[in-house]
Amino acid sequence: MRIRIFSGLERLCLLILAALLLVFPRPGLAALGGDLSSVKKDQARMKGSLQVSGGDRYSVHEMKAATGTTIREYATPDGKVFGVAWEGPWRPDLRQLLGAYFGDYQQAAKRKRTGHNGPLSSATSRLVIETSGHPRAFYGRAFVPDLVPAGVEPAEIQ
Amino acid sequence: MISAAAGCGGDSGGANPGNNGITPPNGANVVAMVVDLGPSGSNGSPVGYVNGAFVTVTVCVPGTSNCQDIDHVLVDTGSSGLRILANDGKAGGKLTLQLPQQQNSAGNAIAECAQFLDGFTWGPVQRADVRLAGETASGISVQVISEAVYPVPASCESAGVDEDMLAGNPGLLSNGILGVGLFRQDCGQACAVDPGLPASGNPGLYYSCNRAGQCAEAAVALDAQVSNPVALFPADNNGVILELPLVPSTGAATVTGSLVFGIGTRSNNGLGNATVFPVDGSGRFISDFPPNGTEYPGSFIDSGSNGIFFLSSSATGIPDCPDSSGFYCPATSVDLSAMNRGASGTPSGQVSFSIANARTLFATNNSAFSNLGGTNGGTGRGGASFDWGLPFFFGRNVFTAIENASTPGGTGPYFAH
C-alpha cells in the first residue's frame, strides 16, 4: 500500500468535509436494503428503544418509537436488512425506512390511487409493500424479494 | 344484499326509521348526503368517484356572514377534522374564501401534514365557522389543502404521496374531507408536546411557519388542532349516524341519504336496536372471518374507504382483478359473512356481505356499490384488519360515537350498527 501524505490544501478540504458530515448527517440511511449499522441510526432518530431477537435464519430488530409506533427490521445473518414492518398511531418516516425503495413505494401508491381509496398492496420484482389502517392506527410492511433469504416465508415479515 | 341488512339489524324500525327511503329524517341535525360520481373537474364532468358519500359544507369567516358553500366534501368516519381543497390556481378545489390563519402561542402560522392511508394532505390551519344543516361549530381549526403559501417540507414528503389536487394522479377527487370520526382532534395530546424534547412522542404532524414560508415541526395545543366539527357543535355533539339505503347488486347511479348529528339527543337519532361495538384507543375492534374463524383485531369502519378491504386473494380464494388495481374480481358474486365484536371481545354481531366483480361493476358507470371489495395487506402483528368501507353502509344505519362523549349507548368511542 502506498502511503500518501496529504497536502495542506487536501487536509483543509478533508476537515471541511468532516465538519459538513457532522453538521449534516447523511439522509436516507434507511434500513431496507441497507446494513445493520442503519438500524442504530433509525433508533436514534426515532428516540426509541431497541430489542434484538431471532434465530440463525435472520435477526429481528424491533424499535418502539416515542410516538408509540413499533418498527421491525429483518436482517440476514450477514447484516443486510431485507424487510421492514411497522404498526402504531402514526406512520414512521418512510423515506428513511425504505431508503432506496421509497421511490418504488411512491410509484406504487400513485398507480393505486385512482378510483381506489383503500389499503395499498403492491408487488414488483424490486419491492413488495402493503400499507393499511387509518389515522391513529397505521400498519405496513415491505420487503425486497431478492434479499429475502431462502427458506424465509414473506408472511414472517410482519 | 337483503341479507346484508338483516344480518346487522339494518333498520331500527323504532325511533330512527331513516333507511330504505321510508322516512328520511329531517331536522336541524340532518344534512343531505349523496353518493354520486363526485365533483366536477376542470373539464366540467364529474371526476368519477366510486363509493364516495358527499355533503355540502358551509364555511364562514368566524363571527361573520361571509360564507362559502363547498359541495362534494367527502364524509369520512375514519378521520377527524375538516379539510378543504383550495382554489389556488393549482389544487383545483372550491375554497376561495379567505379564512384567518390559525397561529401558535408565539404568533407563528400553523400548517399541517395530515397522514392518511397512503398519503398526506398539506396546508395551513385556518379558523372557520363550520355550518352543517342547523348546526355550527364556531371558530374551529380546519386545514386548507394548498401549497400556495407554504411549500411542502421535506419531512412531510416522507409521509408518502401528496394528495394536493382534485384530479391528476393521485387526485383527492373531492373538494374536501369531513372527518366525523371517533376522535375530537386529528392528532390529540401527542401533538401538543414539544417535538424537540428528548423523548418527545410528537409524531410531527403540525408545523410552525415563518414569514419566509419556512416551516418546522412544532407543538400545537389541543384547541388549535384540526378538530372534529361535530364535537364542537353546541348540541348533538356526541357523534353521527350515516344513513344510506340499499342499492341493487349492479349498483346505483346516485344514492341519497342522510348525515345525522347526535346519538340519542333527539327523536330522529336514537340507537334503536343497533349493537354498540366499543373500540380501543386507536379506533379498532375485532372482526372474525369467517364467523368463529380467524380473529382480525385491527378492524375499523371507514366511510372514506370505497370498498370492503380484507385479506388477500390467496387467503380468500377470490381472484384479484387482472389490472392489479387492488380490487377483487370473482367470476360470480361471492356471499360471505363475518362476525364483528367489540375491542374487548363483546358484544358480537354477524355481518353478511357480497363481493362482486369490480371490473363488471365499474363498467356500469354507476357510483354506488354495496358489493365492491379488495385486498388489505395490513398484516401487523396486532393489526390484520377488515376495513369496512362505504359498501358496508348501504342498507344500515352506522353510528360513530366520539371519544369521551356520553350517549344512551355508553361513552364513546364506539361504532354501532
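In short, a report on the structure. Residue numbers restart at each chain and count upward from 1, following the sequence in its written direction. Chains carry letters and ligands carry numbers; both start at the beginning, A for chains and 1 for ligands, and go up in the order they are written. Only residues with pLDDT of at least 70 are given local features in this predicted model, and only at 80 or more are side-chain atom pairs given and counted; all residues enter the totals for whole chains, interfaces and linings. Derived side-chain values reflect all non-hydrogen atoms in the structure, with water molecules and hydrogen atoms excluded from consideration.

**Observations concerning the interface of chain A and chain B**
And then number 1: Any two residues having at least one pair of non-hydrogen atoms within 4.5 Å are treated as being in contact. Contact residues are listed per partner, giving 38 residues for chain A and 57 residues for chain B.
And then number 2: Buried area is a sum: the accessible area each of two parts loses on coming together, probed at 1.4 Å, counted once for each and added. Summed over both sides, the interface between chain A and chain B buries roughly 4000 Å², with carbon and sulfur atoms accounting for 48% of that surface.
And then number 3: For this document, the term salt bridge refers to a Lys or Arg side-chain nitrogen within 4 Å of an Asp or Glu carboxyl oxygen. Across the chain A-chain B interface, the total number found is 0 salt bridges.
And then number 4: A run of H or I in DSSP counts as a helix once it spans at least four residues, and a run of E counts as a strand once it spans at least two, with each numbered from the N terminus. If you list the elements that add at least two residues to the side of chain A that touches chain B, you get β3 (70–75), α3 (94–98), α4 (102–113), β6 (128–134) and β7 (137–143) of chain A.
And then number 5: When residues are sorted by character, Ala, Val, Leu, Ile, Met, Phe, Trp, Tyr, Cys and Pro go into the nonpolar class, Asp, Glu, Lys and Arg into the charged class, and all the rest, Gly among them, into the polar class. Considering only residue class, the side of chain A that touches chain B consists of 12 nonpolar, 13 polar and 13 charged.

**A few points about the sheet that holds strand β19 (residues 348–355) of chain B**
All names here are of chain B.
And then number 1: Pairs of strands are assigned from DSSP output, requiring at least two bridges between the strands. Here 7 strands make up an open sheet; going across it, the order is β19-β18-β15-β16-β21-β17-β20 and the pairing mixed. Each having just a single partner strand, β19 and β20 (373–374) make up the two edges of the open sheet.
And then number 2: Direction of pairing for strand β15 (residues 285–289) relative to strand β18 (residues 334–341): antiparallel, over a ladder of 3 bridges. Residue pairing for β18: isoleucine 286 is matched across the bridge by arginine 341.

**Some words on unusual backbone geometry**
All names here are of chain B.
And then number 1: The omega torsion of the bond from phenylalanine 289 to proline 290 falls at -10 degrees, within 30 degrees of zero and hence cis.
And then number 2: Locating proline 290 in the fold gives a position in the loop between β15 and β16 (294–301).
And then number 3: Of note, the amide linkage connecting glycine 412 to proline 413 takes the cis form, showing an omega dihedral of 10 degrees.
And then number 4: Considering the arrangement of structural elements, one finds proline 413 in the loop between β24 (410–411) and β25 (414–416).

**Overview of the nonpolar core**
And then number 1: Here, nonpolar core refers to any group of buried Ala, Val, Leu, Ile, Met, Phe, Trp, Tyr and Cys residues whose side-chain atoms link them within 4.5 Å. Note on classification: 1.4 Å probe, protein chains only; a residue is buried when its accessible area is under 20% of the maximum for its type, exposed when over 50%, partly exposed between these limits. Val59(B), Val130(B), Leu259(B), Phe310(B), Phe353(B) and Trp388(B) are the most contacted members of the largest nonpolar core, which has 65 residues in total.
And then number 2: Within the second largest apolar cluster, 22 residues are counted, among which are Ala31(A), Leu97(A), Tyr101(A) and Ala109(A).

**A short note on the packing of aromatic side chains**
And then number 1: Only centres within 6.5 Å qualify two rings of Phe, Tyr or Trp (six-membered ring in Trp) as a pair; their planes then separate them into stacked at under 30 degrees, edge-to-face at over 60, and tilted for everything else. Within this structure, the stated rule accounts for 25 aromatic pairs over all chains.
And then number 2: With centroids separated by 5.3 Å and ring planes inclined at 90 degrees, the aromatic side chains of Tyr49(B) and Phe54(B) adopt a geometry described as edge-to-face.
And then number 3: Each ring, one from Tyr296(B) and one from Phe386(B), has its centre 5.9 Å from the other, and the planes form 45 degrees; the classification is tilted. Here the residue Tyr296(B) occupies a position in strand β16, and Phe386(B) occupies one in strand β21 (residues 386–388), the gap between them amounting to 90 residues. Each member of the pair, Tyr296(B) as well as Phe386(B), carries the same accessibility label: buried.
And then number 4: Here, a charge over a ring means that NZ of Lys or CZ of Arg falls within 6 Å of the ring centre while also lying within 35 degrees of the ring normal. It is Arg136(A) that lies over the ring of Phe183(B); its NZ or CZ is 4.0 Å from the centre.
And then number 5: Lying over the aromatic face of Phe392(B), Arg396(B) brings its terminal NZ or CZ to 4.2 Å of the ring centre.

**Regarding the state of the cysteines**
Residue and element names in this part refer to chain B.
And then number 1: Only a pair of cysteine sulfur atoms within 2.5 Å counts as a disulfide in this structure description. Inspection of every chain in the model, using the stated rule, returns 5 disulfides over all chains.
And then number 2: Covalently, cysteine 60 is tied to cysteine 67 through a disulfide, its sulfur atoms 2.1 Å apart. Its S-S torsion of about 105 degrees marks the bond between cysteine 60 and cysteine 67 as right-handed, since a negative value means left-handed.
And then number 3: On the basis of relative accessibility, which here comes to 0%, the residue cysteine 60 falls in the buried class.
And then number 4: Each disulfide pairs two cysteine sulfurs, and for cysteine 187 the partner residue is cysteine 191, the sulfurs being separated by 2.0 Å. Sign of the S-S torsion, about 80 degrees for the bond between cysteine 187 and cysteine 191, identifies this disulfide as right-handed. The same class applies to cysteine 187 and to cysteine 191, which are both buried.

**Section: the environment of Gly349(B)**
Residues and elements named next belong to chain B.
And then number 1: Topologically, glycine 349 is positioned in strand β19.
And then number 2: In the structure, glycine 349 is positioned 73 residues away from valine 276 in sequence and 9.5 Å away in space, judged by C-alpha atoms.
And then number 3: Ignoring sequence-local partners within four residues, the contact set of glycine 349 consists of Phe277, Ala338, Met339 and Asn340.

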